[in-house]
Amino acid sequence: MASSVATLPVADALLRDAYGRKMNATNELYVLPVDTPEHTRLELQHEVFTLQVGLYFRPDVVERILAPRPAGSPPPTVIDIGTGSGIWAIEMAKKFPHVQVVGIDLARPNVSQKVPPNCRFECRDINNGLKNLTEAPFDVVHVRCVSPGIADYRDFLKDEVLAILRPGGVFLSIEGDIQTFNEFKEPIIARNEGEPAQGNVGMTLYHRITELLQEMGDVWTETGKEVQWAALGPWPPELSEKERYIAELMRQNLFNIVRAYLPMRLSAGHDPGEVKKLVEQIDDELSSMRGKTWTRFIGAWGIKKSE
C-alpha cells in the first residue's frame, strides 16, 4: 500500500474559521482546533506520552500481535482513531514496517515528515461508523484523547471497536483528565458550585473506560488500567531530570490548550474581556508556579477474546 495524505478530501470542505483558528466543520462535539498550532501541541503531548509509557501500553501483547507473519498471510493491521498530526501512526509504521497502519481524524493531518509506505490517512467522523475500512479487522485499535468528539463512548466500544477488532487483538486508549489536582493530588473544583459539567456522554466517561470494557462481559480475556501523573511545571523538588522535563512539557501544553479552547468559549458567547482576563490569570499561575498542580493521564486496554 502506498502512503497517502493526497487522497483525503479537500481540506477547505472539512474546515471552518473561528476566531483565528481552523475548526472541523463536520462534528459539533469536538471543539478544539484542527490546525497546525493544535497539531504542534498534540506532538508535544505525544512526547509526554512516549516519555512516560512508550508508544503503547502492554508492549508484550502489542509486539506479539504485530509480529511478522508467514509469507502469503495478510499483514497485521493497526488503526489510530483521532490521529491528529499523524505522529503516532507514522511512528508505528516506522517501528513495524511489515504492518499496515491507517490514521483517521476529522481533518487532514499536518504531516511534517515523510509518511512511510505502509501508512495512510483518511478523514471521517467516527460517530458515523468504522466498519467499512479497507484494512479491517484490525489487530490494534488505538484511541488517544478523542472522548470529547464521541457522542456515546459505551456505544463506540460496543458497536465500533468490538466490530473492527480482530479476535485476539488489543484495544488501547489514553485520555487526559480534564480535572486538575492540587499538590496533594486532590481534585481542584474548576467550576462554580451548581454549574453543570459540560460535554457529552463520552466526555463524562473518559476516566471509566476500563470499567466500560468490563461491563461488556466476557468478550475480553483481559482488561487493564494505568494512571500516569505529571506535574504542571517543575515545581516538586523531588522530581528526577526526566520528570522535570515532562513537567515543563506539560506546562507548555497547558499554555497552548488554554488558547485552543478560546474559539469554543467565544463562540458560546463568553465576554472577550473576561476570557482574556482568564487566560492572563492562568498564564501568570503557570509562569510563577504558585499553584502547585498535578494532572494525570488514564490508560486503558482490553484484549479481545479469541474465537
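Criteria and thresholds
- Residues numbered from 1 in each chain as written.
- Predicted model: local features only at pLDDT ≥ 70, side-chain atom pairs only at ≥ 80, totals over all residues.
- Heavy atoms only, no water.
- Axes fitted to C-alpha atoms, helices over the stretch in contact; angles between N-to-C directions.
- Helix = DSSP H or I, 4+ residues; strand = E, 2+ residues; numbered from the N terminus.
- Parallel < 35°, antiparallel > 145°, perpendicular 65-115°, else oblique.
- Contact = heavy atoms within 4.5 Å.
- Nonpolar A, V, L, I, M, F, W, Y, C, P; charged D, E, K, R; others polar.
- Phe/Tyr/Trp six-rings, centres within 6.5 Å; stacked < 30°, edge-to-face > 60°.
- Buried < 20%, exposed > 50% of the residue type's maximum accessible area, 1.4 Å probe, protein only.
- Lys NZ or Arg CZ within 6 Å of the ring centre and 35° of its normal.
- Expected span 1.5 Å × (residues − 1).
- Core = buried A, V, L, I, M, F, W, Y, C linked by side-chain atoms within 4.5 Å.
- Pairing = 2+ DSSP bridges.
- Left-handed = near helix turned anticlockwise from the far one by under 90°.

Asker: Can you explain the packing of helix H7 (residues 241-260) against helix H9 (residues 272-288)? Please cite residues and give values.
Answerer: Relative to each other, H7 and H9 sit at 180°, their axes nearing to 11 Å. What the angle tells us is that H7 and H9 run roughly antiparallel. For the pair formed by H7 and H9, the contact residues are Arg-251, Leu-254, Phe-255, Val-258 and Arg-259 on the first element and Val-279, Ile-282, Asp-283, Leu-286 and Ser-287 on the second. In terms of residue class, the contact of H7 with H9 is built from six nonpolar, one polar and three charged.

Asker: Explain the packing of aromatic side chains to me, using residue names and the numbers behind them.
Answerer: Scanning all chains against the criterion turns up six aromatic pairs. Ring plane angle 75° and centroid distance 5.5 Å describe the contact between Trp-235 and Trp-294, whose orientation is recorded as edge-to-face. Of this pair, Trp-235 sits in the loop between strand E8 (220-231) and H7 while Trp-294 is found in strand E9 (residues 294-304), placing the two residues 59 residues apart along the sequence. Like Trp-294, Trp-235 is buried. Sitting above the plane of the Trp-294 ring, Lys-185 keeps its charged end 4.5 Å from the centroid.

Asker: Which residues make up H7, and what are the values?
Answerer: For H7, spanning 20 residues, the distance from its first C-alpha to its last is 29 Å, which sits close to the expected 28 Å at 1.5 Å a residue. For H7, the full list of buried residues reads Ile-246, Ala-247, Leu-249, Met-250, Arg-251, Asn-253, Phe-255, Ile-257, Val-258 and Ala-260. In this structure, the buried residues of H7 make contact with strand E2 (21-24), helix H1 (36-53), E8, helix H8 (262-267), H9 and E9.

Asker: If you had to explain the nonpolar core to someone new, which residues and values would you point to?
Answerer: One finds Leu-66, Cys-119, Val-170 and Leu-172 to be the most contacted residues of the largest nonpolar core, which totals 35 residues. Take this core: its biggest share by element is five residues, from helix H3 (residues 87-95). Leave out the neighbours within four places in its chain, and Val-170 touches Val-61, Val-62, Ile-65, Asp-139, Val-140, Val-141, Leu-165, Gly-302 and Ile-303. Grouped together as the second largest cluster of nonpolar side chains are 27 residues, Leu-133, Val-143, Leu-162 and Trp-220 included.

Asker: Can you tell me about the environment of Arg-108, naming the residues and giving the values?
Answerer: Position of Arg-108 relative to the elements: it lies in the loop between strand E4 (100-105) and strand E5 (119-123). A relative accessible area of 27% places Arg-108 in the partly exposed class. Along the sequence, Arg-108 and Thr-40 sit 68 residues apart, while their C-alpha atoms lie 14 Å from each other.

Asker: Account for the sheet that holds E8, naming residues and giving values.
Answerer: Taken in spatial order, the seven strands line up as E5-E4-E3-E6-E7-E9-E8 in an open sheet, and their pairing is mixed. Sheet topology places E5 and E8 at the edges, where each strand pairs with a single neighbour. Taken pair by pair, the neighbouring strands of this sheet meet at an average axis angle of 15°, ignoring direction. Looking at chain direction, strand E7 (residues 165-176) and E9 are connected through seven bridges and run antiparallel. If you follow Ser-173 over to E9, its bridge partner there is Ala-300. In the packing of H3 onto the sheet, contacts are made with strand E3 (77-81), E4, E5 and strand E6 (138-144), and the angle to E5 comes to roughly 155°.

Asker: Explain the packing of H1 against H7 residue by residue, including any values.
Answerer: For the pair H1 and H7, interaxial distance at closest approach is 10 Å and the crossing angle is 155°. By the angle between their axes, H1 is roughly antiparallel relative to H7. Here H1 and H7 pass one another in a crossing that is left-handed. The segment H1 lies against H7, with Glu-38, Arg-41, Leu-44, Gln-45, Glu-47, Val-48, Leu-51 and Gln-52 engaging Lys-242, Tyr-245, Ile-246, Leu-249, Met-250, Gln-252, Asn-253, Asn-256, Ile-257 and Ala-260. Classifying every residue of the contact of H1 with H7 by side-chain character gives nine nonpolar, five polar and four charged.

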